[in-house]
Amino acid sequence: MTSFTTTPRAVVVTGLAAVTPAGLGLEAYRRWRAARPAGSGPGATVCAGFDPARYIHQPRRLRSMHRTFQLGTAASVLALQAAGLAAAGALTPEKSGIACALADVSPFTLDLHAVVAAAVGADGRFNLRHFAELGLHQLHPFRRLTLLANMAAAHTSLLLGLQGPSYTFTSGAAAGAQTLQEAYWTVASGRAELMLCQAASGPEQEVADAPVAELAAAAVLESDEHAFRRGAAPVATLLAGPAAAAPPAAAAVPGAEAPVQGLLAALDEIEARGARQVIELRPLLLAAMERAV
Amino acid sequence: MSPSAACVITGAGIVSPLGTGLEANRAALRAGAGHIAPIQAFSAGLAADCAGEVTDPAVPRGQERAEAMARMALAECCAQAGLDAGSAPDPRRALSFAIGKATVDLEALAAAGGDAAARARLEQHRAHFDAPALLPRLARACAAGGPQYSSYTACASGNDAVGLAMRLIQRGEADVVIAGATDAQVHPLSLLEFELLSALSHEPAARACRPFDRNRTGFVVGEGAAALVVESAEHAARRGAPAVASLAGYGSSLDAHGLTKCHPQGRGAALAMRAALADAGLQPRHIDYINAHGTGTVLNDQAEAAAIAAVWGDAVASVPVSSTKAMTGHLLTAASAVEAVLTALALQDGVLPLNLNFEQADADCRLNIIAAPGRRARMRFAMSNGFGFGGQNSSLILAFPSSLS
């Protein structure tokens, strides 16, 4: 069993990315957040000029992805570009993994509404057998897959060939910070050379027509040795800090945007510290969780 | 290995188609009897008309079903570990739980018709049972006042929740982590969705799930929950809590091959198993039993067999393998958490779990399948696999308590 009583490897952040309705990058995220009307609505919610086909060069794969998954995968591609890892063959598949944060994808799809409505008989009663019969022909064959949170990691891994460790957190506002935490420790313990952190929100997560902003965030974490070998300039170095400084109870606050807001808050903080800072992970995560709520 | 890093399981709780509680599951596991039966909860007229249902009348029907099973498993594991679940939240007690997707109330949705406000209320009610909303309630149910993690990796979720618990203990971020999973997908919409993927068996209940058998035809949906109390050996010893089993290793990987189809040679599965072995500091020859993911679908079983063969090499015939899904059905999000508990019971009892319904060997699955009930074996280490849609793979290695030295 790998022990953490030994000193963990140094971990660096080499790429950051954000996709927001105000444009790409964390500066755009700050603008979008500042412009959002407090308490009166979500403000701009759509990344109007954003074309995921610019980043995902596999048309068939792109068509099979929800907009939310497209945004997340595109953010990961952007983060890899920022890290200088966009070229084919730049990643070692078995040593590269992904940690994702995602909120629930609503199962109340238009096709489900249609099939349920059609299964109501003249007497006004719902007929389960008729529903099942209709559903076999009228629901999307891959419906189940489109609703699973880990499909974000699956799509990204398929595009980028990631075969390393994979986690998907659905713990609400804490989830974004949890991706950074587990990605950090996965690299620090030597279980991967590189981990992508990714989170996204989008229209598929809307509950009861409450608009959800299209947001995505991604970061590249790698061992400093790996980054040094390839001549990458780290954005920041992460340190675990003492276990006693672990964030206290991080309650899982619901909300479709909460996971991505958590990761964006952490990445914003990393960038705001300026280039090549050494940042303690735990206070960073705590601050990110607080901002995400 | 540093003794301080050794993780032990000091309590377990389980609600499965085999029964409610550890002793009911232990007895059913020893007997090797199947608990897949025609669905009692509803009749949707689908070709797949059987399931591994939880028949305990104390478990309510409806959207609160998964929560109720989770609470029962949490209560049992806390009691066994000597933890007071009713105390004030302990900031050094964390929760790592995988929660299956909340189901849709179809009749209520039909009744809502085109009424947008009524539909909105239904959506909001359903969200009350999804992970972010349910997780804090489960934390309160076991007095976990530390960090709360909900991870979701499809049918690998349970192993990943337990694996994360192990990491949190090793890093010193909690003294105790309560880990597990719950899922209640014996529901008409869920069955329909799996039918659309052509994944389900259409055979009569008694023979519906036949992992690794040449004539296997698909999986059977099941439901249940399991929870484990994970802590460092040192912490358990300090408070005088005996270990049920130990957690020796954990590995996670991705196939990067397809959304529904796993890699035919089990590339990702082999990576996860190797990672778990490396984590435990073990060689394949040290593993005395593999609780396979073994869903009973043609391609998944073939890929898992190929992966085991790749990792074990010439020694593949020496390691006994079985899938307990032939008895329980596939519990999806909860599958590998429940199977971790069943594997711990097998280690304790020294009885290899039966691979029910295995009648004819498949040339593409050359494994040492446990085809007879009640086979006794002295087991030190056992591996439990969990693989999921999207190419998620996870392997967990459990140990007989005294084996971690």
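Residues numbered from 1 in each chain as written. Chains lettered and ligands numbered in written order. Predicted model: local features only at pLDDT ≥ 70, side-chain atom pairs only at ≥ 80, totals over all residues. Heavy atoms only, no water.

With respect to helix 9 (residues 267–280) of chain B
Residue and element names in this part refer to chain B. Stated precisely, the cut-off is as follows: Only DSSP runs of H or I with at least four residues qualify as helices, and only runs of E with at least two residues qualify as strands; both kinds are numbered from the N terminus onward. Residue count minus one, scaled by 1.5 Å, sets the expected span of a helix. Burial classes follow relative accessibility: with a 1.4 Å probe on protein chains only, a residue under 20% of its type's maximum area counts as buried, one over 50% as exposed, and anything between as partly exposed.
The end-to-end C-alpha distance of helix 9 is 20 Å, a good match for the 20 Å that 14 residues give at a rise of 1.5 Å each. Residues Gly268, Ala269, Ala270, Ala272, Met273, Ala276, Leu277, Asp279 and Ala280 constitute the buried set of helix 9. Positive backbone phi, approximately 70°, marks Gly281, located one or two places after helix 9.

Brief notes about the interface of chain B and chain A
For clarity, the cut-off: In this description, contact between two residues means that some pair of their heavy atoms is separated by no more than 4.5 Å. When two components associate, each loses some accessible surface as probed by a 1.4 Å sphere; the sum of these losses over both components is called the buried area. Every case where a carboxyl oxygen of Asp or Glu lies within 4 Å of a side-chain nitrogen of Lys or Arg is listed as a salt bridge.
In this assembly, 78 residues from chain B lie in contact with 69 residues from chain A. A buried area of about 6,200 Å², summed over both sides, lies between chain B and chain A, and 64% of it is on carbon and sulfur atoms. At the surface where chain B touches chain A, the tally comes to 7 salt bridges. The salt bridge involving Glu173(B) is made with Arg282(A); its shortest N-O contact spans 2.8 Å.

Quick notes on the layout of surface pockets
All names here are of chain B. Put simply, the rule reads: Here a cavity denotes a set of grid points, spaced 1 Å apart and computed over the protein atoms alone, in which a 1.4 Å probe fits but from which it cannot get out, and a pocket denotes an open set meeting protein on both sides within 12 Å along at least five of seven lines; residues with an atom within 4 Å of a point are reported as lining. Grid points are joined across faces, edges and corners, and a volume is the space filled by probe spheres set on the points. In this classification, Asp, Glu, Lys and Arg are treated as charged, Ala, Val, Leu, Ile, Met, Phe, Trp, Tyr, Cys and Pro as nonpolar, and every other residue, Gly included, as polar.
By volume, the largest pocket amounts to about 630 Å³. Lining of the largest pocket is provided by 37 residues; of these, Thr260, Lys261, Thr297, Asn300 and Phe389 occupy positions nearest its centre. Elements with a minimum of two residues in the lining of the largest pocket: helix 7 (188–196), helix 10 (298–312) and strand 13 (381–388). Within the lining of the largest pocket, the residues separate by chemical class into 16 nonpolar, 17 polar and 4 charged.

A few points about the side chain of His155(A)
Residue position: His155(A) is located in helix 7 (residues 151–160). For His155(A), the residues in contact, after removing those within four places along its chain, are Arg61(A), Ser64(A), Met65(A), Phe69(A), Thr73(A) and Leu259(B).

Describing empty space enclosed by the protein
Under the definition given, this model contains 9 cavities of 30 Å³ or more. Reported here for the largest cavity is a volume of approximately 150 Å³. Lining the largest cavity are 15 residues, and of these Asp104(A), Ala149(A), Thr170(A), Lys101(B) and Asp130(B) lie nearest its centre. Residues of the lining of the largest cavity, tallied by class, amount to 10 nonpolar, 2 polar and 3 charged. Its volume calculated, the second largest cavity comes out at about 100 Å³. Going through the elements one at a time, helix 6 (143–146) of chain A together with helix 7 of chain B are the ones with two or more residues in the lining of the second largest cavity. Broken down by element, the residue count for the lining of the second largest cavity peaks at 3 residues, all from helix 7 of chain B. Among the residues forming the lining of the second largest cavity, the class breakdown is 5 nonpolar, 4 polar and 4 charged.

Some points on the pairing of strand 9 (residues 245–254) of chain B
Consecutive side chains along a regular strand alternate between the two faces of the sheet. Residues and elements named next belong to chain B. Put simply, the rule is: DSSP bridges decide pairing: two strands pair if at least two such bridges lie between them.
Most of strand 9 sits out of view: 10 of its 10 residues are buried. The sheet contact formed by strand 1 (residues 7–16) and strand 9 spans 3 bridges and is antiparallel. Looking at strand 9, one finds that Val8 is bridged to Ser246. Two elements, strand 9 and strand 14 (residues 392–399), share 8 bridges in a ladder whose sense is antiparallel.

Some remarks on the packing of aromatic side chains
Basically, it comes down to this: The aromatic pairing rule takes the rings of Phe, Tyr and Trp, using the six-membered ring of Trp, and pairs them if the centres are within 6.5 Å, calling planes under 30 degrees apart stacked, those over 60 edge-to-face and the rest tilted.
Tallying each qualifying case throughout the model produces 8 aromatic pairs over all chains. Among the aromatic residues, ring-to-ring pairing joins Tyr167(A), Phe169(A) and Tyr149(B) into one connected group.

Concerning the pattern of salt bridges
Enumeration according to the criterion identifies 36 salt bridges over all chains in this entry. As a salt-bridge pair, Glu193(B) and Arg143(A) come within 2.6 Å of each other at their nearest N and O atoms. Here Glu193(B), found in helix 7, pairs with Arg143(A), found in helix 6, and the two come from separate chains. We classify Arg143(A) as buried; its relative accessible area is 3%. The partner of Glu231(B) in a salt bridge is Arg239(B), with the nearest N and O atoms 2.8 Å apart. By relative accessible area, which is 0% here, Glu231(B) ends up buried.

Looking at the packing of helix 10 (residues 258–272) of chain A against helix 11 (residues 281–292) of chain A
All names here are of chain A. Note the following rule: Angles here are taken between N-to-C directions and fall from 0 to 180 degrees, while the axes themselves are lines fitted to C-alpha atoms, restricted in helices to the stretch in contact. In these notes the angle categories are as follows: under 35 degrees is roughly parallel, over 145 is roughly antiparallel, 65 to 115 is roughly perpendicular, and the rest is oblique. Here a crossing is called left-handed whenever its near helix is offset anticlockwise from the far helix by less than a right angle, and right-handed whenever the offset is clockwise.
Closest axis-to-axis distance for the helix 10/helix 11 pair is 8 Å, and the angle between their directions is 130°. By the criterion of interaxial angle, the relationship of helix 10 to helix 11 is oblique. As for how helix 10 packs across helix 11, the hand of that crossing is right-handed. Between helix 10 and helix 11, the residues in contact are Ala258, Gln261, Gly262, Ala265, Ala266, Asp268, Glu269 and Ile270 and Leu284, Ala288, Arg291 and Ala292, respectively. Its residues assigned to classes, the contact of helix 10 with helix 11 shows 7 nonpolar, 2 polar and 3 charged.

Things to note about the nonpolar core
Inclusion rule: Among buried residues, the Ala, Val, Leu, Ile, Met, Phe, Trp, Tyr and Cys ones that are joined through side-chain atoms within 4.5 Å form a nonpolar core.
Grouped together as the largest cluster of nonpolar side chains are 97 residues, with contacts concentrated most on Tyr184(A), Leu221(A) and Leu247(B). Per-element tally for this core: the top contributor is helix 12 (residues 335–349) of chain B, with 10 residues. Counting residues in each nonpolar core, the second largest holds 82 residues, with Val77(A), Ala132(A), Ala44(B) and Leu106(B) among its members.

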